[in-house]
Amino acid sequence: AAGEMAGALARELHHPLTALSAYAGACEQLIERGETGEQLHAAVRCVQRESAKAGDVVRRLQDFFRTGDPQPEVLGLAALVEAAVAPYRLRAEQAGIRLRVAPMPEVSLMVDRLQMEVVLRSLLGFAFDAVSDSPRQPRRIWVAAWKDGHDRVCLRIEDSGSGLTPDQVLHLFEPIAPSGSGKRQAGLAISRAIVHSHGGRLWAETSNHGVLKCELPIERHTVAPAPVAPNEAAPAVS
C-alpha cells in the first residue's frame, strides 16, 4: 500500500511540476523580451496556481489513502473537465496532437475536486501515451460527455491510438501491469478506486482506437453551476 501511494503521488505530482517548468520557462522568455505587463503577470499566476495544486495533490491523496473517504463539494462538470484538461493543452500543441473537448452537459456533481482531477488526468495521460506510441496520423484525443438517464453522466475519452484487445481491457485496471506499463496502469487502478468511492464506475472498451469511459452520479438537489469561462490557453510565448 505504501508503495502504491508513493507511486500515485509521484505520478500526480508530475502534472503540476511539468506545468510549473513550462510556466517558469514562459516567464523567463517574457522577461528576456522586456515584458512587464499582463502576459508576465498571467504566467506568474499560473506558477502560483500549479504550486498550490502540487501541495493539494499531496494532502488530498494522503487523506484518501489514509481514510478512503472523499471530501465532496458541488462542482459543474464543465469546470471540472476544463481544470483537468488545461495542463494538457500546451503538451498537445507541442506534440502535434489535436486535443478537442466537446461542450459539456450543464450538470453538477458532488465530488472531491482534486481526486476527480487526479482521475481525469490519469485518463488523459493514458490517452496521450497511446497516441504517442502509435504510428497513426493524424494524432487526436477527443473528450465528450452526455447525460445517461436522469441521474448519471458519462464522460468519454477517445484517442487515435491502436486501441485495446479484450485481454488488455480485462487486465487494464489491475494494480500491477504486465509488459512494462505498470506505472500508468497502477494510476488507472487507483483512479477506478476513486471513481467507485464516488458511486461511479470506470471502464475501457475494446476497439480499434482508445476508448475510456467514466460514469458518475449527477447531483440533483443543487442550483445550476456557475457559467464557465471560455477555454483559455496558457500565456503564449513565441
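Residues numbered from 1 in each chain as written. Predicted model: local features only at pLDDT ≥ 70, side-chain atom pairs only at ≥ 80, totals over all residues. Heavy atoms only, no water.

1. Observations regarding the overall build of the protein
Argument step 1. Secondary structure assignment for the protein yields six helices and seven strands.
Argument step 2. The linear arrangement of helices and strands in the protein, starting from the amino end, is α-α-β-α-β-β-α-β-β-α-α-β-β.
Argument step 3. Out of the 238 residues belonging to the protein, those deemed buried represent 44%.
Argument step 4. Pairs at least 24 residues apart make up 73% of the contacts formed inside the protein by residues separated by at least 6 positions.
Argument step 5. Approximately 12,100 Å² of the protein is accessible, and the part contributed by carbon and sulfur atoms is 55%. (Helix = DSSP H or I, 4+ residues; strand = E, 2+ residues; numbered from the N terminus. Buried < 20%, exposed > 50% of the residue type's maximum accessible area, 1.4 Å probe, protein only. Contact = heavy atoms within 4.5 Å. Areas by Shrake-Rupley, 256 points an atom, 1.4 Å probe, with all protein chains shown as cover.)

2. Quick notes on the environment of R89
Argument step 1. Here R89 is to be found in helix α3 (residues 77–95).
Argument step 2. Distance from R89 to L99, taken between C-alpha atoms, is 7.1 Å for residues ten residues apart in sequence.
Argument step 3. A distance of 2.8 Å separates the side chain of R89 from the side chain of E82, its partner in a polar contact. (Polar contact = N/O pair within 3.5 Å; in protein donor to acceptor, adjacent residues only side chain to side chain.)

3. Here we look at the pattern of salt bridges
When their charged atoms lie close together, side chains carrying opposite charge are able to pair.
Argument step 1. Counted by the stated rule, this structure contains ten salt bridges.
Argument step 2. The residue E117 makes a salt bridge to R113 at a minimum N-O spacing of 3.2 Å. Residue E117 and its partner R113 are located together in helix α4 (residues 113–133), separated by four residues, close to a single helical turn.
Argument step 3. For E158, the salt bridge identified is with R156, shortest N-O distance 2.6 Å.
Argument step 4. Residue class for R156 comes out partly exposed when judged on its relative accessible area of 25%.
Argument step 5. Several salt bridges share partner residues, and in doing so they unite R113, E117 and R121 into one network. (Salt bridge = Lys/Arg side-chain N within 4 Å of Asp/Glu carboxyl O.)

4. Section: the side chain of E50
Argument step 1. Of note, E50 is situated in helix α2 (residues 38–67).
Argument step 2. Judged by its relative accessible area of 1%, E50 is buried.
Argument step 3. Excluding anything up to four places from it in sequence, E50 contacts P16, A19, L20 and Y23.

5. Some thoughts on the confidence of the model for the protein
Argument step 1. Chain-level statistics for the protein give a pLDDT mean of 80 and a share of 79% at 70 or above.
Argument step 2. Throughout residues 177–183 the model reports pLDDT below 50, and contacts reaching past four residues in sequence, or to other chains, amount to five contacts. (pLDDT = per-residue confidence, 0-100.)

6. Some points on the state of the cysteines
Argument step 1. According to the stated counting rule, one finds zero disulfides in the structure shown.
Argument step 2. Just so you know, C214 is unpaired, no disulfide at all, and the nearest cysteine sulfur is the one on C154, 7.7 Å from it. (Disulfide = S-S within 2.5 Å.)

7. Describing the nonpolar core
Argument step 1. Formed by 44 residues in total, the largest nonpolar core has its most connected members in L77, V81, M116, L123, I141, V153 and L172.
Argument step 2. With ten residues, α4 is the single largest residue contributor to this core.
Argument step 3. Once residues within four sequence positions are removed from consideration, V81 is found in contact with V101, M104, L120, V143 and L155. (Core = buried A, V, L, I, M, F, W, Y, C linked by side-chain atoms within 4.5 Å.)

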